[in-house]
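Survey of secondary and tertiary structure
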Amino acid sequence: MARHHALPPLSEVYQRLREHFGHRNWWPGETPFEVMVGAILTQNTAWSNVEKAIRNLKANNALSIKGIREAREGELAEWIRPSGYFNQKARKLKALVAFIDETHGGSLARMRKVPLEELRAQLLRVNGIGPETADSILLYALDKPIFVVDAYTRRIFTRHFYLNGKPSYHAIQERFMRECPPDAEFYNDFHAQIVEAGKSYCRKRPLCAICPLEPLPHSAEQGA
Ligand code: SF4
């Protein structure tokens, strides 16, 4: 379909996904700290691999600030081996805990009290934490109202004409946050719906015919 078609509001995209998939109850993780660890471990790998790494951390009593603080980097790397890039990720987990210790006295409650923009800037200075990881931590571990952008967001909303060219992470995030209310619960479920749509339908070769977004203007030629 041509680009001049009026685009429905983003909330309509959300509604269609939500009706199709139901509420997603994200993020998988029993505690805020587990969510933070998951946000690092999921970089460049499938969630099933993260689950194995998380199980190993639990089995070794290491899925806590204290556990990671006290573990040697080498043993940490062994435990998280299933998640890939395990040496790098062990360093990143150590860096995350050092940051929580040094900047927030080892307390997630104290960390949570820091205003969103300030905390985001702090996280982005931690080794190995880029925008997507920082925002996943802010939204899913700390309930801060920030929209998480990932590759599926870029692909789906390019194919549906909301994004043109190759906008930056920040530009995409702004696009969503301009139009949607600053509501952590909404951002939480919207991102989860997008990931589900990406995994189930909007693959490299999209399955438009059976996708809940098929009635909306789109072109699968875009943003493959
Ligand atoms: S699969 Fe097709 S209809 Fe579904 S989100 Fe992707 S481009 Fe849109």
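Coordinates for the structure precede this section.
A brief look at the structure comes next. All values reported here derive from a predicted model rather than from experimental measurement. (Residues numbered from 1 in each chain as written. Predicted model: local features only at pLDDT ≥ 70, side-chain atom pairs only at ≥ 80, totals over all residues. Heavy atoms only, no water.)

**Focus on the packing of aromatic side chains**
One pass over the structure, following the stated rule, counts 16 aromatic pairs. Residues phenylalanine 21 and tyrosine 201 carry aromatic rings whose centres are separated by 6.1 Å and whose planes lie at 35° to one another, so their mutual orientation is tilted. A residue pair is termed long-range when its members are at least 10 positions apart, and phenylalanine 21 in helix 1 (residues 10–21) and tyrosine 201 in the segment after helix 12 (184–200) qualify at 180 residues. Residue phenylalanine 21 is classed as buried on the basis of its relative accessible area of 16%. Look at tyrosine 201 and you get buried, because its relative accessible area is 13%. Cluster of aromatic residues (ring-pair linked, three or more members): Tyr14, Phe147, Phe157, Tyr162, Phe176, Phe186, Tyr187 and Phe190. (Phe/Tyr/Trp six-rings, centres within 6.5 Å; stacked < 30°, edge-to-face > 60°. Helix = DSSP H or I, 4+ residues; strand = E, 2+ residues; numbered from the N terminus. Buried < 20%, exposed > 50% of the residue type's maximum accessible area, 1.4 Å probe, protein only.)

**Describing the site of the ligand**
Inspection of the region around the ligand gives Ile156, Arg159, His160, Tyr201, Cys202, Pro206, Leu207, Cys208, Cys211, Leu213 and Glu214 as its neighbouring residues. Partitioning the shell around the ligand into residue classes produces 8 nonpolar, 1 polar and 2 charged. (Near = heavy atom within 4 Å. Nonpolar A, V, L, I, M, F, W, Y, C, P; charged D, E, K, R; others polar.)

**Looking at unusual backbone geometry**
Look at the link from tryptophan 26 to tryptophan 27: it is a cis peptide, with omega at -5°. Within the element layout of this structure, tryptophan 27 appears in the loop between helix 1 and helix 2 (32–41). Residue tyrosine 85 is not a glycine yet carries a positive backbone phi of 45°. With respect to the secondary-structure elements, tyrosine 85 resides in the loop between helix 5 (73–79) and helix 6 (86–104).

**Focus: the pattern of salt bridges**
Across all of its chains, the model carries 12 salt bridges by this definition. Glutamate 12 serves as the salt-bridge partner of arginine 16, at 3.3 Å between the closest nitrogen and oxygen. In this pair, arginine 16 and glutamate 12 both sit in helix 1, 4 residues apart, roughly one turn of the helix. In this structure arginine 16 comes out as partly exposed when scored by relative accessible area, which is 29%. A salt bridge links arginine 81 to glutamate 78; the nearest nitrogen and oxygen atoms lie 2.9 Å apart. Owing to a relative accessible area of 42%, arginine 81 belongs among the partly exposed residues under this scheme. (Salt bridge = Lys/Arg side-chain N within 4 Å of Asp/Glu carboxyl O.)

Just distances and angles here, no functional claims.
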